[in-house]
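# Structural overview for review
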Amino acid sequence: MIPGEFTYHRPSSVAEAVAILVSHGDEARPLSGGHSLIPMMKLRMAAPEHLVDLAGIADLKGISDGGATISIGAMTTQNELIGSDLLTQKLPIIRETSLLIADPQIRYMGTLGGNVANGDPGNDMPGLMQCLNASYVLAGPDGEREVTAREFYEAAYFTALAPEELLTAVKIPVPAAGHGYAYEKLKRKVGDYATAAAAVILTMDGGTVSSCSIALTNVADTPLFASDASDIITGSTLDSATVDRAVAAAEAITEPASDGRGPAEYRTKMAGIMVRRALARAAERANG
């Protein structure tokens with residue numbers, strides 16, 4: 001289908017883009033990679049009167065090392081995340097997750113900011129950012145503010161982002177050297193949304209888990225940070241009884257819809273299996 005009519009804007013700065021959003025309010029929508037918004041416009045499920053293309057804003061691209069924190073510009077593409085030596089060294093789970101998103105053609109255009117900002121529960125990066133305890137930098141008419149990924153998502157396609165704000169960057173605390181990580185994703189075919197997926201970051205001290213973070217993708221209206229499951233694993237030796245308790249705690253917070261990927265009960269159980277697999281693989285990768 002063909003989208004409805006709209007006015008196209010291509011600002012060259014964040015301030016200019018924010019000014020356009022302020023001027024047009026709910027009638028304007030920012031455009032990053034376009035792989036969520038453009039299909040919705042073609043189906044007439046979204047009909048913005050003003051489209052604000054962010055591709056001309058150089059300040060929204062790039063990956064910078066702040067020591068304890070890595071900052072990624074919102075317009076950085078999935079392909080650039082995959083190719084970053086810095087991320088491969090310090091945050092390898094990002095590369096692992098990006099490689100499971102869609103296909104190479106989409107990853108050349110799809111951006112991190114677009115993936116996390118629109119509140120699509122099927123997107124992979126929101127859950128991963130909750131697992132990593134990332135923060136989002138939001139720019140608006142009153143300046144910048146930061147919101148953690150764990151507090152950003154309110155419902156499907158509803159977030160803490162105000163209509164006149166842009167998500168400009170993602171700030172990620174660097175996990176301890178030698179940490180274990182895994183992103184496990186069950187999908188029907190290459191490039192599909194997850195039937196269920198789980199992200200795990202953990203550190204080991206000898207045979208004991210000294211810290212653990214678990215998050216789930218596409219098994220509720222929002223990504224889910226599995227705080228109870230994370231706490232159960234922390235301090236354990238990953239013995240089977242403890243892992244069973246953590247899996248049950250993760251399954252308990254899911255509320256998936258029954259759809260073409262399976263009935264709700266099946267998707268809940270698959271979330272538990274993804275947690276179990278991710279824990280095992282993260283532990284194998286951990287040094288300590």
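Further up the page is the structure itself.
The text that follows walks through the structure, step by step, so that each part is easy to find. Per chain, the residues get numbers from 1 upward, laid out in the order the sequence is written. The predicted nature of this model means local features are confined to residues of pLDDT at least 70 and side-chain atom pairs, given and counted, to a pLDDT of 80 or more, with totals for whole chains, interfaces and linings taken over all residues. The side-chain figures draw on all heavy atoms in the structure; neither hydrogens nor water molecules are used.

### Side note on the nonpolar core
Ile94, Met129 and Tyr136 are the most contacted members of the largest nonpolar core, which totals 37 residues. Among the elements that take part in this core, helix α8 (residues 125-131) stands out by supplying 4 residues, more than any other. In contact with methionine 129, other than residues within four places in its own chain, are Ile94, Leu112, Val116, Ala134, Tyr136, Ala149, Val170 and Ile172. Throughout this description, the term nonpolar core refers to a set of buried Ala, Val, Leu, Ile, Met, Phe, Trp, Tyr and Cys residues connected via side-chain atoms within 4.5 Å. Exposure is judged per residue with a 1.4 Å probe applied to protein chains only, and the accessible area is read against the type maximum: over 50% gives exposed, under 20% gives buried, and values in between give partly exposed. Among the nonpolar cores identified, the runner-up in size contains 30 residues, and Ala198, Val219, Ala229 and Ala246 belong to it. Helix and strand assignments come from DSSP, with helices taken as H or I runs of at least 4 residues and strands as E runs of at least 2, each series counted from the N terminus. Should any heavy atoms of two residues lie within 4.5 Å, those residues are counted as being in contact.

### Things to note about the packing of aromatic side chains
Here a pair means two rings of Phe, Tyr or Trp (six-membered ring of Trp) with centres within 6.5 Å. Their orientation is stacked below 30 degrees between planes, edge-to-face above 60, and tilted elsewhere. This model, assessed by the stated rule, comprises 3 aromatic pairs. Considering the side-chain rings of tyrosine 136 and phenylalanine 152, the 4.9 Å spacing of their centres and the 85 degrees angle between planes classify their relative orientation as edge-to-face. Note that tyrosine 136 is positioned in strand β6 (residues 135-140) and phenylalanine 152 in helix α9 (residues 149-152), a separation of 16 residues in sequence. Plain terms: the ring middles of tyrosine 136 and tyrosine 153 are 6.2 Å apart, the flat faces sit at 85 degrees to each other, and that makes the pair edge-to-face. Here the residue tyrosine 136 occupies a position in strand β6, and tyrosine 153 occupies one in strand β8 (residues 153-155), the gap between them amounting to 17 residues. Following the ring pairs from residue to residue traces out a cluster consisting of Tyr136, Phe152 and Tyr153.

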